[in-house]
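Inside the fold
Here are the chains, one letter per residue:
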Amino acid sequence: MKLFNDFINDYFKLAPLNATYVGINDYNDKLKNYYAEKDLGIYFQFLKKYLKLVNIELKKVNLSNKNNRYLKVLKYRIEMDIENYKFNFHYLPINSYHNPILSWVKLCSGDGFINLKTVKEFNDFIKRTDIFCNNIDSMIDRMDDGIKNDMVQPKKVMLKIVKDLENVIKNENYILNKKDIPKTVYKEYQTVIIYKFTKQIKKLIKYIKTVYIKKCHNGFGLKYIKNGPKMYEYLVRYHTTLKNPNIKEIHKLGLLEIERIQNDMDELYQKYSNIYKDLVHYDKLKNDKTQIFKSEQEIISSYKKLRIKLNNTVLKEYFDENEKVNINYDIKKIPEYLQENSTGAYYQRSNIDHSRKGAFYINTNLKDKHYKYNSYSLSAHEGNPGHHYQISYSNDMKNPLFISFYEDETAYIEGWGLYAEFLGREYLLKKKILLKDEIYDLFGSYNMEMLRAVRLVIDTGIHYYGWDYKKCHNFMKKYVDLGEKDLENEIYRYSLYPGQALAYKIGELKFKELKEKNKKDIKKFHHNILKFGSCPLFLL
């Protein structure tokens, strides 16, 4: 449909960095100021224009079912984006979980999705970085607006940011070796990246330390922000796609899921402790030294083996091998300068022609414990049949580009990731007798599912009931096996990314509900669920 092409082309003009990420290179020297009032206004008018056009198309009587579905998805996303403007989230442009400076440092270092090899690539990126330096000034302006409107970050979060930014300056993670920079562009590189970008980072650090942090609150979560409860209700709807979410019921659902998962773990242990007399109880696994990775190399190697294992077992059991889906993805470590406040893992999708593969990034920070028994489920979630398979499937089905590259539905994306873990668990539970390592994989799978159930309680606890960090920590420590740093990062993530953590369980339960109604041909069911790509759960 022409409307879909027009929309995504106009979107990429307003979000040129996203175009580069996708693999469209028409705007590689362009960058919009995502924090300037003028650019925010232009984007708002773009949304209003296309909402009107989508509504006109939806009234037509000769629409195909496929286009009708795509239009409903686009309408939903645009409407949610427009509603976002009510809450002035741009007054909070930086936190320790979403730090635009560190994201740009990753691009500067060559660890990101922008190639820095040719003279043209360097020239384009230098122009972009020059614009980004101006964006930092706009970030400071928006933070000033936040101070005036009683919308500021917690003091502890800003202290984390200062530490991260000071480490970046100290370690110069964003400056390439001189030998890797073409001689013809080195002077411009030096002026913009070595001098100007450094100066702007230092300016932001000084502003935070001398101005912003003095206005920060000592609370935790949206309850301490003006209009916080309404912001949270919107974010719960945004991430779960539930039309009228009952936050108290979501909290209760988390408690019920915790009880169920605990019973499943007890049942598994009781069944196999009589067969394997030396079977370690799941509560004591975290103290078993044989279950802790000892090196970065061991972590990466283990996940590469799991990639092969899951492709040869779970993928073949539940998905049609005749589908032409790109199942190849890279396994990489999260760059060291991002590890401190990063989660345990994340997935970065490929570009449209797969010339840059999808990548499963793992936090290999050995200051924390990495448990082997969690790796089976984590691999299923981020790789195949989880995010990589899910997103590749949508791209390879030739859906309109906006489906994958303009917004998405967290409950569909992350719900599928958790559902993929469930499929890995179900595959093992079908066996008549399990090997001991497979039992530990199941304990890990239940542990990871428990984490998602606990998230329902913690996220609502922070933003609806006003839980502090200590109460969250004690609750998580009781039910989930994660290293201490992982626990801290998870809790801060929920406090700074409200509602997102609810989407995993909400989405997974919807997929499991639909699976029960489509048992006869599970491979066809998965094809139908994946073929149109991400959508609100109510359209499934």
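Scroll up for the structure.
Before going into details, it helps to say that this report is about the structure given with it. Since we're looking at a predicted model, the values are computed, not measured. Starting afresh in each chain, residues are numbered from 1 along the sequence in its written order. Only residues with pLDDT of 70 or above have their local features reported here, since the model is predicted, and side-chain atom pairs are shown and tallied only from 80 upward, although totals for entire chains, interfaces and linings are computed over all residues. Values reported for side chains reflect all heavy atoms of the structure, with hydrogen atoms and water molecules removed beforehand.

**Concerning the overall build of the protein chain**
Which entries qualify depends on this criterion: Numbering of helices and strands starts at the N terminus; helices are DSSP runs of H or I of at least 4 residues and strands are runs of E of at least 2. Residue exposure (1.4 Å probe, protein chains only): buried if accessible area is under 20% of the type maximum, exposed if over 50%, otherwise partly exposed. The contact rule is simple, with two residues in contact once any of their heavy atoms fall within 4.5 Å. In short, Shrake-Rupley with a 1.4 Å probe defines the accessible areas, and a residue's cover is counted only from the protein chains shown. When charges are counted, Lys and Arg contribute as positive and Asp and Glu as negative, whereas His and the chain ends are disregarded. Positions of charges follow a simple convention, taking NZ of Lys, CZ of Arg, CG of Asp or CD of Glu.
Of the regular secondary structure elements, the protein chain holds 22 helices and three strands. In terms of overall dimensions, the protein chain has a C-alpha envelope of 70 × 60 × 50 Å along the principal axes. For the protein chain, the proportion of its 540 residues judged to be buried stands at 59%. For the protein chain, restricting intrachain contacts to residue pairs at least 6 apart in sequence, the fraction spanning at least 24 positions comes to 81%. When the accessible surface of the protein chain is totalled, it reaches about 24,200 Å², and 50% of it is carbon and sulfur. Across the protein chain, the 92 positively charged side chains and the 68 negatively charged ones have centroids separated by 2 Å.

**Some details on the nonpolar core**
One recurring pattern in soluble globular proteins: nonpolar side chains tend to sit buried together. Put simply, the rule reads: Buried Ala, Val, Leu, Ile, Met, Phe, Trp, Tyr and Cys residues form a nonpolar core when they are joined through side-chain atoms within 4.5 Å.
I78, I101, M158, F197, F402 and Y406 are the most contacted members of the largest nonpolar core, which totals 183 residues. Per-element tally for this core: the top contributor is helix 18 (residues 436–463), with 14 residues. Setting aside residues up to four positions removed in sequence, Y406 forms contacts with F7, I8, Y11, Y43, L47, L74, R77, I78, D81 and L401.

**Let's talk about helix 21 (residues 503–516)**
Keep this limit in mind: Working rule for helices: expected span equals 1.5 Å times residues minus one.
Here helix 21 contains 14 residues, and its C-alpha end-to-end distance of 20 Å stays within 8% of the 20 Å for a straight helix at 1.5 Å per residue. Burial within helix 21 is extensive, with 10 of its 14 residues counted as buried. Every buried residue of helix 21 is listed here: A503, Y504, K505, I506, G507, E508, F511, K512, L514 and K515.

**Digging into the pattern of salt bridges**
Here is the rule: What counts as a salt bridge is simple: a side-chain nitrogen of Lys or Arg found within 4 Å of a carboxyl oxygen of Asp or Glu.
Taken as a whole, this structure holds 47 salt bridges when the rule is applied. When the shortest N-O distance is used, the salt bridge between E488 and K160 registers 2.5 Å. On the criterion of sequence distance, the pair formed by E488 in helix 20 (residues 484–496) and K160 in helix 7 (residues 155–171) is long-range, its members being 328 residues apart. On the basis of relative accessible area, E488 is assigned to the partly exposed category, the value being 22%. Relative accessible area serves as the criterion here: at 14%, K160 is assigned to the buried category.

**Considerations on unusual backbone geometry**
For residues that are not glycine, phi is negative in most cases, and the peptide bond is trans in most cases. Here the residue pair N384 and P385 is connected by a cis peptide bond, since its omega of 10° sits within 30 degrees of zero. The residue P385 is located in the loop between helix 14 (375–382) and helix 15 (387–396) in this model. Although it is not a glycine, N88 sits at a positive phi angle of roughly 55°. Along the chain, N88 falls in the loop between helix 4 (65–84) and helix 5 (100–109). Here D150, not a glycine, exhibits a phi torsion of approximately 60°, which is positive. Structurally, the position occupied by D150 is in the loop between helix 6 (119–148) and helix 7.

**A word on the sheet that holds strand 2 (residues 345–348)**
Counted only if it meets this: What makes two strands pair is DSSP finding at least two bridges between them. Every angle, taken between N-to-C directions, lies between 0 and 180 degrees, and every axis is a line fitted to C-alpha atoms, over only the stretch in contact when it is a helix.
Strand order in the open sheet formed by three strands is 1-3-2, and the pairing between neighbours is mixed. Both edges of this open sheet fall to strand 1 (329–333) and strand 2, since each of them pairs with a single strand only. Across the sheet, the mean angle from the axis of one strand to that of its neighbour is 20°, orientation sign disregarded. One ladder, built from four bridges, connects strand 2 with strand 3 (residues 358–362); its direction is antiparallel. When the bridges of strand 3 are listed, Y347 appears paired with F360.

**Brief notes about the packing of helix 17 (residues 410–429) against helix 22 (residues 522–530)**
Stated precisely, the cut-off is as follows: Working rule for angles: under 35 degrees goes down as roughly parallel, over 145 as roughly antiparallel, 65 to 115 as roughly perpendicular, anything else as oblique. The crossing is said to be left-handed when, going from far helix to near helix, the turn is anticlockwise and less than a right angle, and right-handed when the turn is clockwise. Residues are sorted three ways: Asp, Glu, Lys and Arg are charged, Ala, Val, Leu, Ile, Met, Phe, Trp, Tyr, Cys and Pro are nonpolar, and all the rest, Gly among them, are polar.
One can describe the packing of helix 17 onto helix 22 by two numbers: an axis separation of 13 Å at closest approach and a directional angle of 160°. Of the possible angle classes, the one that applies to helix 17 and helix 22 is roughly antiparallel. In terms of crossing hand, the pair formed by helix 17 and helix 22 is left-handed. Facing Y412, W416, Y419 and L423 of helix 17, the residues of helix 22 in contact are I522, F525, H526, I529 and L530. Looking at the contact of helix 17 with helix 22 residue by residue, the class counts come to eight nonpolar, one polar and no charged.

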